[in-house]
Structures are given as structure tokens and as C-alpha cells.
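Fold and contact review
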Amino acid sequence: LLGSRMVQTIQKHGGIPIVLDNDQKKIDKLKKNLKKISHSLAFYKVDITKKNQVKNTINKIYKNFKKIDCLINNAGFNPKMSFKSNKFENFSLEQWNKEIQIGLTGSLIVTQEVVKKMINQKNGNIINISSDLGIIAPNQYLYEKNNKKPVSYSVVKHGVIGFSKYLATYLAEYNIRSNTLCPGGISNNQPKKFLNKIRKLIPLNRMAKINDYDGIILYLCSDYSSYMTGSTIVCDGGRTSW
């Protein structure tokens, strides 16, 4: 949801988004929707947990476009998988390993390959997408008894912030920046009961609209944020202030 919106926002403001995803159906759907706006975009089907696939894909991108200005790490979770196990004490190692592999290892692999190109360019910009749940713990009372937020989500989203800070200090000498965006939850046809519960936890009394993050993404992608690195921007309607 957020990834598709970021692609659209970048494209509308003159950037050329390059999408990496392992789901061909999602790629085809997004491609169809965005080509109505402009043909300035590219798609690559790749599993970000596979080192050789990523390496070959980044090499193709660099060969075709001659540079990579910005990398946005927004490794997603399969909602059905994320809520498959309901209790921490029964949380499967299979699910743990899979989600850590996607959310952290996948981001590591892609960033390693992109950074090689950015070091060669002597500039670059990395944006890592965490969550308000990278700052606070999930409120499990929001969810049904047998449908809790998984431990892997918290670990990944907290880990992304540390990963981003590490990159900021390690890559500064190469003029490569790294920052984190922690968005709050986006309203997307959730059950009314859930929406009524979560709005009470948010000072602005609502979940985010899909366009609430457009300005922040543009700011982080552009030279307007040229002196910002190692920072964490929280945009959650005030939820983490309480």
C-alpha cells in the first residue's frame, strides 16, 4: 500500500521510480496503473533475499540508468503470514526466520549492492521505512484474542532504525545519507471496531490517509534534506507522544 503510493508520488514529481518486487501479479497491476501517468518507470522481478538475483538486478539497473540517486528500503510483510501465529509462546521459527530474512536480511542485501554503486558515484541517499511500532510496542488490546501482532514485526521495525543509523555513520565519508521514516498505520478498510479502538490511541483521532506521507517522501528523496542523515522521522498522528 505505502510502497505503491511512494512510487506514484516520486513519478508525479519528475523522478524515475524503479520497482523491485517478487510478485509478478502486483508488478503488472502497478505497472498498468502508473503507465497512465507516465512511462518513466521500470520494474524488476527479484527476490531480495537472494544475493545473486539482487546483484544481477542492481547491475542491470546501473547499466541502464547510469546512476542510482536514492534507495528506499520498504520490505513488506505478507499480512496473512504475519498474523498466522497468535501467541508469542507458540511463534514458529519458520515464520520468525522468514520475516527476519525479508525485513532485515533482504534490506541488507539490496543496500550492499546499491551502496557499491553509490560509493562509485560519490553520493547517494538511503531511506529506510520502519513504523511507529519501531518506536513503541504494539498495543495487543487492539487485536482479536487469536490474532495478535507478531514479535517479528517489532524486531524488524526496531532493527531498521539501528540499521539506518549504522549506515549514516559508516557511509558519511562517501557523501551517502541514510534516514528512517516511521509512519503510523494507514486507513485501508479495516473493521470499524478496530478503527474505533486505534483512533483513541492517536491524538489526531484518526489513522493516516494514504497521501499523508507524500511530502515527507519527497523531502527525504530530494536535496531539501541534504544535511539530514542518521535521523528518524516519526509521522504517526502523535501516537508515540503518549
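This section reports on the structure supplied with the text. Keep in mind that this is a model prediction, so the values were computed, not measured.

**Things to note about the overall build of the protein chain**
Scanning the protein chain for helices and strands turns up 8 helices and 6 strands. Walking the protein chain from its N terminus toward its C terminus, one meets helices and strands in the order α-β-α-β-α-β-α-α-β-α-β-α-α-β. If one aligns the C-alpha atoms of the protein chain with their principal axes, the spans along those axes are about 50 × 40 × 35 Å. Relative to its full complement of 242 residues, the protein chain shows a buried share of 42%. For the protein chain, restricting intrachain contacts to residue pairs at least 6 apart in sequence, the fraction spanning at least 24 positions comes to 75%. Carbon and sulfur atoms make up 52% of the accessible area of the protein chain, which amounts to about 13,700 Å² in all. Positive and negative charge centroids in the protein chain, built from 38 and 16 side chains respectively, lie 4 Å apart.

**Considering the nonpolar core**
Core analysis: the biggest nonpolar cluster contains 21 residues, and V54, I68, V114, M118 and I126 have the highest contact counts within it. Elements represented by at least two residues in this core include exactly β2 (42–45), α3 (51–65), α5 (93–121) and α6 (151–171). Sorting elements by how many residues they give to this core places α5 first, with 5 residues. Sequence-distant contacts of V54, that is, excluding residues within four places in its chain, are made with V46, D47, I48, I109, V110 and E113. By size, the runner-up hydrophobic cluster in this structure holds 14 residues, among which are L2, M6, L220 and M228.

**Overview of the packing of helix α1 (residues 2–12) against helix α8 (residues 214–221)**
Interhelical geometry of α1 versus α8 gives an angle of 65 degrees and a closest axis separation of 10 Å. Classified by chirality, the crossing of α8 by α1 is right-handed. Counted together, R5, M6, T9 and I10 of α1 and D214, I217, L218 and C221 of α8 form the full contact between these two elements. Across the contact of α1 with α8, the residue classes break down as 5 nonpolar, 1 polar and 2 charged.

**A closer look at the pattern of salt bridges**
As enumerated under the stated definition, the model contains 6 salt bridges in all. Measuring nitrogen to oxygen at the nearest pair gives 2.6 Å for the salt bridge that ties D214 to R5. One end of the pair, D214, is in helix α8; the other, R5, is in helix α1, and 209 residues separate them in sequence. An identical accessibility class is assigned to D214 and R5; each is buried. Across the pair D212 and R206 runs a salt bridge, and its minimum N-O distance is 2.9 Å. Using a relative accessible area of 28% as the deciding quantity, one classes D212 as partly exposed. For R206, a relative accessible area of 35% corresponds to the partly exposed category. Connected via shared salt-bridge partners are K51, E113 and K116.

**Describing the environment of K116**
Among the structural elements, K116 can be located in helix α5. Look at K116 and you get partly exposed, because its relative accessible area is 46%. It is 9.8 Å that separates the C-alpha atoms of K116 and I58, two residues lying 58 residues apart in sequence.

**Digging into unusual backbone geometry**
The residue N175 is not glycine, and still its phi comes out positive at about 65 degrees. As for its position among the elements, N175 is in the loop between α6 and β5 (176–183). Despite not being glycine, N205 has its phi angle at roughly 65 degrees, a positive value. By the element assignment, N205 lies in the loop between α7 (192–199) and α8.

**Focus: the environment of R206**
Here R206 is to be found in the loop between α7 and α8. It is 7.5 Å that separates the C-alpha atoms of R206 and G237, two residues lying 31 residues apart in sequence. Ignoring any residue separated from it by four or fewer positions in sequence, one finds R206 in contact with R199 and D212.

**Things to note about helix α2 (residues 24–34)**
Residues of α2 that are buried include every one of I27, L30 and L34, and no others. One side of α2 carries all its buried residues, which in axial view fall inside an arc of 70 degrees. Turned more than 90 degrees away from the buried face of α2, the exposed residues are K25, K29 and K32. Against α1, β1 (18–21) and β2 lie the buried residues of α2.

Here is what the cut-offs are and how they apply
Just so you know, the residues in each chain are numbered from 1, in the order the chain's sequence is written. Owing to the predicted nature of the model, reporting of local features is limited to residues with pLDDT of at least 70; listing and counting of side-chain atom pairs is limited to 80 or more, with chain, interface and lining totals taken over all residues. Here the side-chain values reflect all heavy atoms present in the structure, with hydrogen atoms and water set aside. Working definition: helices are DSSP H or I runs of at least four residues, strands are E runs of at least two. Numbering for both runs from the N terminus. We call a residue buried when its accessible area falls under 20% of the maximum for its residue type, exposed when it is over 50%, and partly exposed in between, using a 1.4 Å probe and counting protein chains only. Two residues qualify as a contact provided that any one of their heavy atoms is within 4.5 Å of a heavy atom in the partner residue. Note that accessible areas follow from Shrake-Rupley with a 1.4 Å probe, and for residues the cover is restricted to the protein chains shown. Charge assignment in this entry is limited to Lys and Arg as positive and Asp and Glu as negative, and neither His nor the chain termini are counted. To locate a charge, take NZ of a lysine, CZ of an arginine, CG of an aspartate or CD of a glutamate. Residues grouped as a nonpolar core are buried Ala, Val, Leu, Ile, Met, Phe, Trp, Tyr and Cys residues, joined through side-chain atoms within 4.5 Å. Here the axes come from fitting lines to C-alpha atoms, over the contacting stretch only for helices, and the angles between their N-to-C directions go from 0 to 180 degrees. Crossings are sorted by hand: turned counterclockwise from the far helix by less than a right angle, the near helix makes the crossing left-handed, and turned clockwise it makes it right-handed. Throughout, the ten residues Ala, Val, Leu, Ile, Met, Phe, Trp, Tyr, Cys and Pro are labelled nonpolar, Asp, Glu, Lys and Arg are labelled charged, and all others, Gly among them, are labelled polar. By convention in these notes, a salt bridge is any Lys or Arg side-chain nitrogen within 4 Å of a carboxyl oxygen on Asp or Glu. By definition, the arc is the one covered by directions from the helix axis to the C-beta atoms.

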